[in-house]
Amino acid sequence: MSAIIADIEAATMKAAPVPRFRPGDTVKVHVRIKEGAKERVQIFEGVVIGWNAAGARSTVTVRKVSYGVGVERIFPIHSPTIERIEWVRRGRVRRAKLYYLRNLRGKKARLTEVREAKAPTLD
Amino acid sequence: MGNGLGILGTKVGMTQLFDADKRAVVPVTVIHAEPNVVLKRFTQDNDGYGSVQVAYGDKRPTRTNRPDAGQYAKASEAAGKAVSPKKVIREWRLDGDPSDDLSIGSEVTVERFDGVKFVDVSGTSKGKGYQGVMKKYNFKGFVRSHGTHEFFRHGGSIGTRLTPGHVLKGKKMPGQMGNVRVTTQNLRLHGVDAAKNLLFIVGAVPGHKGSVIEIRPATKK
C-alpha cells in the first residue's frame, strides 16, 4: 500500500483502541442512530460470526435472531457511527467464520460459553 | 476539447472515507497532484486562441533535452525560483485569454478545486491485451450444447453475401482492449487536501496506480 493511502487510513482510524474480540464472542454494538434532528444510541447484541480484518477498513459481522428471524449486520468498526463495542461473553468455536450458524436454529444454534474467558484486550 | 483549466496528477489508489453527514462509507480514489507549473501562455492576439501549457511530475535534469531545458529556465526566471524539469506537458484550452494569475512559472494547485462538486477525469485505461469479443464487447458467445463444436466464444457471422460484399466498417471484432484514453464524466469530488496536494474522487478513475491523470471541473454539471 502506498504511504499516502496508509496515512489517510491511519487518520480515519479511531483514536480509541478497539477491543480484540473474536468470532464466537457475543458483543453489544452501540450504534448512533439519527431520527430527525435527534441522535440516540441503539444497541445491537449478537454473536460475532466473522471479521474482515483490513486495518481502517475492517468490518465485523454480528448475527442475532430477532423474533425468530436471523439478522446480520456488518459494522465498519472505525466508522464514527459506531460509538463503542462492548464485549459480553466468549463462545467456544473452532473456526474463524461461523457461517454454519445460519443453517442452525433453536438449541443447535447456541455456542458453549467459555467460562474463564477474560475480557479482550485493547488493540 | 473541454474548456477550462484542470490539473494533472497521479493516481495513488483507492480507499474509503467516512462521510459524517450521510453517515456512510464513501469509496474514493486518491489523486496526488503536486503543483503544476505554467510553462507557456497562448493568447487571442498572439495565437488566435487562449490556453495555458502546464508541466507536471519531476524528472531528472539529465533526461531533459536542450530546447526543453530552455523552457524550464525561462519559467524559473519568471517565477523567481528554480523550476525543475517535468515529465508531462499538457495544454489546457481556455474560454478567453489566460488570467493574470496564470503567469509563466506560476503554479496550479489542488486549491483550485475547493468548492468544486463534480469533475471529469481522463487517463489511459488499464491495458487488457488482445481480447475476444465476449470480454471486449459483451457478446453472448454460442450455445454450449446442441451440437456446437469449436465455436463457443465466437462472434458469429460478420456480414452478408454479395450485398454489400464486404464487412461493414466498425464491425466489432477481437483485438486490443484497454490502454486507450478514457474520460469519465461527472465524478463527485469528495474533498481536497491542499496541504498534501490530494484530491479525493468518489468511485473509480481510469488507469492503473501511478498513471498520470487529468482532472478538470465537470463540463456538464
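Residues numbered from 1 in each chain as written. Chains lettered and ligands numbered in written order. Predicted model: local features only at pLDDT ≥ 70, side-chain atom pairs only at ≥ 80, totals over all residues. Heavy atoms only, no water.

**Remarks on the overall build of chain A**
1) Next: Check the secondary structure of chain A and you find 1 helix and 5 strands.
2) Next: From first element to last, N terminus to C terminus, chain A shows the α and β order α-β-β-β-β-β.
3) Next: Judged by the C-alpha coordinates and their principal axes, chain A covers about 50 × 40 × 25 Å.
4) Next: Split into buried and exposed, the 123 residues of chain A put 33% on the buried side.
5) Next: Counting only contacts in chain A whose residues sit at least 6 apart along the sequence, the fraction spanning at least 24 positions is 55%.
6) Next: Positive and negative side-chain charges of chain A, numbering 26 and 12 respectively, have mean locations separated by a distance of 8 Å. (Helix = DSSP H or I, 4+ residues; strand = E, 2+ residues; numbered from the N terminus. Buried < 20%, exposed > 50% of the residue type's maximum accessible area, 1.4 Å probe, protein only. Contact = heavy atoms within 4.5 Å. Lys, Arg positive; Asp, Glu negative; His and termini not counted. Charge placed at Lys NZ, Arg CZ, Asp CG, Glu CD.)

**Considerations on helix α1 (residues 3-12) of chain A**
1) Next: Ile5, Ile8, Glu9 and Thr12 of chain A are the residues of α1 of chain A that are buried. Projected down its long axis, α1 of chain A carries its buried residues within an arc of 95°, all on one side. Along α1 of chain A, the residues that are exposed and aim more than 90 degrees away from the buried face are Ala3, Ala10 and Ala11 of chain A.
2) Next: For α1 of chain A, the secondary structure elements touched by its buried residues are β1 (7-19), β2 (24-32) and β11 (198-202) of chain B. (Arc of directions from axis to C-beta.)

**Observations regarding a nonpolar patch on the surface**
1) Next: Together, Ile158, Val167 and Met173 of chain B make up an exposed nonpolar region whose accessible area comes to about 210 Å².
2) Next: In this structure Ile158 of chain B comes out as partly exposed when scored by relative accessible area, which is 41%. (Patch = residues over 30% accessible without salt bridge, like charges linked within 9 Å, V, L, I, M, F, W, Y side chains within 5 Å. Areas by Shrake-Rupley, 256 points an atom, 1.4 Å probe, with all protein chains shown as cover. Salt bridge = Lys/Arg side-chain N within 4 Å of Asp/Glu carboxyl O.)

**Here's the deal with the domain arrangement of chain B**
1) Next: Here chain B is partitioned into domain 1 (7-128 + 181-217) and domain 2 (129-177).
2) Next: In this structure, domain 1 of chain B and domain 2 of chain B have C-alpha centres spaced 40 Å apart. (Domains from an automatic or database assignment.)

**A few points about the interface of chain A and chain B**
1) Next: Each partner contributes to the interface: chain A provides 16 residues, whereas chain B provides 13 residues.
2) Next: Taken together, both faces of the contact between chain A and chain B bury some 1200 Å²; the carbon and sulfur share is 73%.
3) Next: Per-residue buried area on chain A facing chain B is highest for Ile4, Ile5 and Ile8 of chain A; these three make up 38% of the total on that side.
4) Next: Counting across the chain A and chain B interface gives 1 salt bridge.
5) Next: Linking chain A with chain B are 3 residue pairs in polar contact (both at pLDDT 80 or more), by the criterion used here.
6) Next: For the side of chain A that touches chain B, the elements supplying multiple residues, two or more each, are α1 and β1 (26-35) of chain A.
7) Next: Here the side of chain A that touches chain B takes 5 residues from α1 of chain A, the largest share from any one element.
8) Next: Class assignment of the residues belonging to the side of chain A that touches chain B gives a composition of 6 nonpolar, 5 polar and 5 charged. (Buried area = accessible area lost by both parts, 1.4 Å probe. Polar contact = N/O pair within 3.5 Å; in protein donor to acceptor, adjacent residues only side chain to side chain. Nonpolar A, V, L, I, M, F, W, Y, C, P; charged D, E, K, R; others polar.)

**Description of the environment of Lys128 of chain B**
1) Next: Mapped onto the secondary structure, Lys128 of chain B falls in the loop between β7 (118-124) and β8 (129-131).
2) Next: Counting along the chain gives 21 residues from Lys128 of chain B to Glu107 of chain B, while the straight-line C-alpha distance between them is 36 Å.

**Observations concerning the packing of aromatic side chains**
Residues and elements named next belong to chain B.
1) Next: What the rule picks out here adds up to 5 aromatic pairs over all chains.
2) Next: With a centroid separation of 6.1 Å and an interplanar angle of 40°, the aromatic rings of Tyr137 and Phe139 are classed as tilted.
3) Next: Directly above the aromatic system of Trp92 lies the positively charged group of Arg90, at a separation of 3.8 Å from the ring centroid.
4) Next: Lying across the ring of Phe118, Lys221 places its NZ or CZ 4.4 Å from the centre. (Phe/Tyr/Trp six-rings, centres within 6.5 Å; stacked < 30°, edge-to-face > 60°. Lys NZ or Arg CZ within 6 Å of the ring centre and 35° of its normal.)

**As for the pattern of salt bridges**
1) Next: If you walk through the whole model with that rule in mind, you get 14 salt bridges over all chains.
2) Next: In this structure, the salt-bridge partner of Arg57 of chain A is Glu9 of chain A, at a minimum N-O distance of 2.6 Å. Residue Arg57 of chain A is located in the loop between β2 (38-52) and β3 (59-66), and its partner Glu9 of chain A is located in helix α1; the two are separated by 48 residues in the primary sequence.
3) Next: Between Arg40 of chain A and Glu35 of chain A there is a salt bridge whose closest N-O contact spans 3.0 Å.
4) Next: By relative accessible area, Arg40 of chain A is classed as partly exposed at 37%.
5) Next: Given the relative accessible area of 43%, Glu35 of chain A is considered partly exposed.
6) Next: Each of Arg90, Arg181, Glu214 and Arg216 of chain B takes part in salt bridges that share partners, so that together they form one network.

**Some words on the nonpolar core**
1) Next: By size, the foremost hydrophobic cluster in this structure holds 24 residues, and its most contacted members are Ile7, Val52, Val119, Val121, Leu199, Ile201 and Ile215 of chain B.
2) Next: Mapped onto this core, the elements with two or more residues apiece are β1, β4 (51-58), β7, β10 (181-193), β11 and β12 (212-217) of chain B.
3) Next: Here this core takes 3 residues from β4 of chain B, the largest share from any one element.
4) Next: Ignoring any residue separated from it by four or fewer positions in sequence, one finds Leu199 of chain B in contact with Ile7, Thr29, Val30, Ile31, Val110, Phe113, Leu189, Gly191, Val192 and Ile215 of chain B.
5) Next: Counting residues in hydrophobic clusters, the runner-up holds 14 residues, among them Val27, Val29, Ile77 and Ile85 of chain A. (Core = buried A, V, L, I, M, F, W, Y, C linked by side-chain atoms within 4.5 Å.)

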